[in-house]
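# Summary of the model geometry
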Amino acid sequence: VDGDIHIQCDDFMVISDSTAGRTIYVDEGNSRLELGFDGNADAYFTGSQTEFIKDVKFDGSTAGRDIVFDRSDNALEFADNAKAIFGTGADLNISHDGTTSIIQDNSGANLELCGNRVNLMNGSRTENILTGISNGGVEIYFNNVKKLESVNGGVSLTGGAAANITALTSATTI
């Protein structure tokens, strides 16, 4: 057919028998367009929103750098070397290159981690490395054992301390 096809009705459905139940359905009652592929609706389109019922893949321009919303995990999953970029000037980048996880601030301003208790932990989240406590102190751990902490009167040290000091003068304060 050359030109436009106009069909006027309340609801309208096109089903393709040759492609295993692919459908286009205009649902006038719910004011939406439905697309389906295996006999089920996969996406709904309204004037203000698109709703996907299955996983959604965003295909990166470089092979293998895709982003998937995995509906069963409720997770936005980034492949290696795909980045989450925030800010008008790409101020904050979060990525993983296959071996290293990277949080990079490019704004020239502060990168702030905020919380009443901020923990830096090992990769499996089983050992503390550093803890900062609001209106409290900072705790430094070795092998998940607290070794150094700031306290009201200064510093508390657990275990011994070693220093390489070659010369002290009468004006040196330790």
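The rules we used
- Residues numbered from 1 in each chain as written.
- Predicted model: local features only at pLDDT ≥ 70, side-chain atom pairs only at ≥ 80, totals over all residues.
- Heavy atoms only, no water.
- Helix = DSSP H or I, 4+ residues; strand = E, 2+ residues; numbered from the N terminus.
- Buried < 20%, exposed > 50% of the residue type's maximum accessible area, 1.4 Å probe, protein only.
- Contact = heavy atoms within 4.5 Å.
- Areas by Shrake-Rupley, 256 points an atom, 1.4 Å probe, with all protein chains shown as cover.
- Pairing = 2+ DSSP bridges.
- Axes fitted to C-alpha atoms, helices over the stretch in contact; angles between N-to-C directions.

## Let's talk about the overall build of the chain
Counting its secondary structure elements, the chain contains 0 helices and 16 strands. Of all 174 residues assigned to the chain, the portion counted as buried reaches 11%. Long-range pairs, those at least 24 residues apart, make up 0% of the contacts in the chain between residues at least 6 apart in sequence. For the chain, the computed accessible surface area is about 13,700 Å², with 50% contributed by carbon and sulfur atoms.

## With respect to unusual backbone geometry
Look at Asn74: it is not a glycine, yet its phi comes out positive at around 50°. With respect to the helices, strands and loops of the structure, Asn74 is situated in the loop between β7 (67-70) and β8 (75-78). Look at Asn74 and you get exposed, because its relative accessible area is 63%.

## Considering the sheet that holds strand β15 (residues 145-151)
The strands making up a sheet are joined through hydrogen bonds of the backbone, oriented either antiparallel or parallel. Strand order in the open sheet formed by 5 strands is β12-β13-β14-β15-β16, with antiparallel pairing between adjacent strands. Every interior strand has two partners, whereas the edge strands, β12 (117-121) and β16 (154-157), have only one. Between one strand axis and the next, the sheet turns through 15° on average, direction left out of account. Inspection of the sheet shows β12 paired to strand β13 (residues 128-133) by 5 bridges, in the antiparallel sense. Note on β13: the bridge partner recorded for Val118 is Gly132.

## A closer look at the pairing of strand β14 (residues 138-142)
The side-chain alternation of β14 yields one buried face, formed by Glu139 and Tyr141, and one unburied face, formed by Val138, Ile140 and Phe142. Alignment of β13 against β14, held across 3 bridges, turns out to be antiparallel. Paired with Gly132 across the two strands is Val138, which belongs to β14. Remark: 4 residues form the turn of the hairpin made by β13 and β14, two consecutive strands paired antiparallel; Asn135 in that turn has positive phi of roughly 55°. With 4 bridges connecting them, β14 and β15 associate as antiparallel partners. Bridge pairing in β15 links Phe142 to Val145. What sits between β14 and β15 in their antiparallel hairpin is a turn of 2 residues, with Asn143 showing a positive phi close to 55°.

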